[in-house]
Amino acid sequence: MDDSGSEHVEQDQVLTEALSGWSQKYPQVVVQRQLATGRAAHALVTASDRAQLVVLGARVRTAVS
């Protein structure tokens, strides 16, 4: 798998961990997980066209000593 593929897998795992438990706590809320690539503005406009709520997360990179 190339770097972009492994990065996508890593991002998907982070998203899964961030959302874990919320479906059980709020079963009436339908959540569609979506990782977007490319220009952020385009991805947000596309997502907001068909969503009632768009939630954004930030990826913070930290230096490893």
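Higher on the page you've got the structure.
A few points on the structure. These figures come from a predicted structure and were not determined experimentally.

Rules and cut-offs
Within each chain, residue numbers correspond to sequence positions counted from 1 in written order. Thresholds applied to this predicted model are a pLDDT of at least 70 for local features of residues and 80 or more for the giving and counting of side-chain atom pairs; totals over whole chains, interfaces and linings are not thresholded and use all residues. Side-chain numbers come from the whole structure's heavy atoms, not from hydrogens or water. By definition, any uninterrupted DSSP run of H or I lasting at least four residues is a helix, any uninterrupted run of E lasting at least two residues is a strand, and each is numbered from the N terminus. Summary of the burial criterion: residues with accessible area below 20% of their type's maximum are buried, those above 50% are exposed, and those between are partly exposed, where the area comes from a 1.4 Å probe applied to protein chains only. Shrake-Rupley sampling with a 1.4 Å probe provides the accessible areas, and residues are treated as covered by the protein chains on show and by no other component. Only centres within 6.5 Å qualify two rings of Phe, Tyr or Trp (six-membered ring in Trp) as a pair; their planes then separate them into stacked at under 30 degrees, edge-to-face at over 60, and tilted for everything else. The term salt bridge refers to a side-chain nitrogen of Lys or Arg lying within 4 Å of a carboxyl oxygen of Asp or Glu. What goes into a patch is any residue over 30% in relative accessible area without a salt bridge, connected to like charges within 9 Å or, for nonpolar side chains (Val, Leu, Ile, Met, Phe, Trp, Tyr), within 5 Å.

Some details on the overall build of the protein chain
Right, so step 1: Helix and strand counts for the protein chain come out as 3 helices and 0 strands.
Right, so step 2: Starting at the N terminus and ending at the C terminus, the protein chain contains elements arranged as α-α-α.
Right, so step 3: When each of the 65 residues of the protein chain is scored for burial, the buried share is 3%.
Right, so step 4: Accessible area for the protein chain stands at about 6300 Å²; split by element, carbon and sulfur atoms hold 54% of it.

Describing the packing of aromatic side chains
Right, so step 1: The tally for this structure, following the rule as stated, stands at 1 aromatic pair.
Right, so step 2: Centroid distance Trp-22 to Tyr-26: 5.9 Å. Interplanar angle 10°. Geometry classified as stacked.
Right, so step 3: By relative accessible area, Trp-22 is classed as partly exposed at 45%.

Quick notes on the pattern of salt bridges
Right, so step 1: For the structure shown, the criterion picks out 1 salt bridge.
Right, so step 2: The salt bridge partner of Arg-33 is Asp-12, with a shortest N-O separation of 2.3 Å. Of the two residues, Arg-33 is situated in the loop between α2 (22-25) and α3 (40-49) and Asp-12 in helix α1 (residues 3-19); the sequence distance between them amounts to 21 residues.
Right, so step 3: Here Arg-33 falls in the partly exposed class, since its relative accessible area comes to 42%.
Right, so step 4: Residue Asp-12 is classed as partly exposed on the basis of its relative accessible area, which comes to 30%.

Some details on a nonpolar patch on the surface
Right, so step 1: On the surface, a nonpolar cluster with roughly 390 Å² of combined accessible area is contributed by Trp-22, Tyr-26, Val-29 and Val-31.
Right, so step 2: When its relative accessible area of 46% is taken as the criterion, Val-29 is described as partly exposed.

Scope: geometric values only; no functional claims are made or implied.
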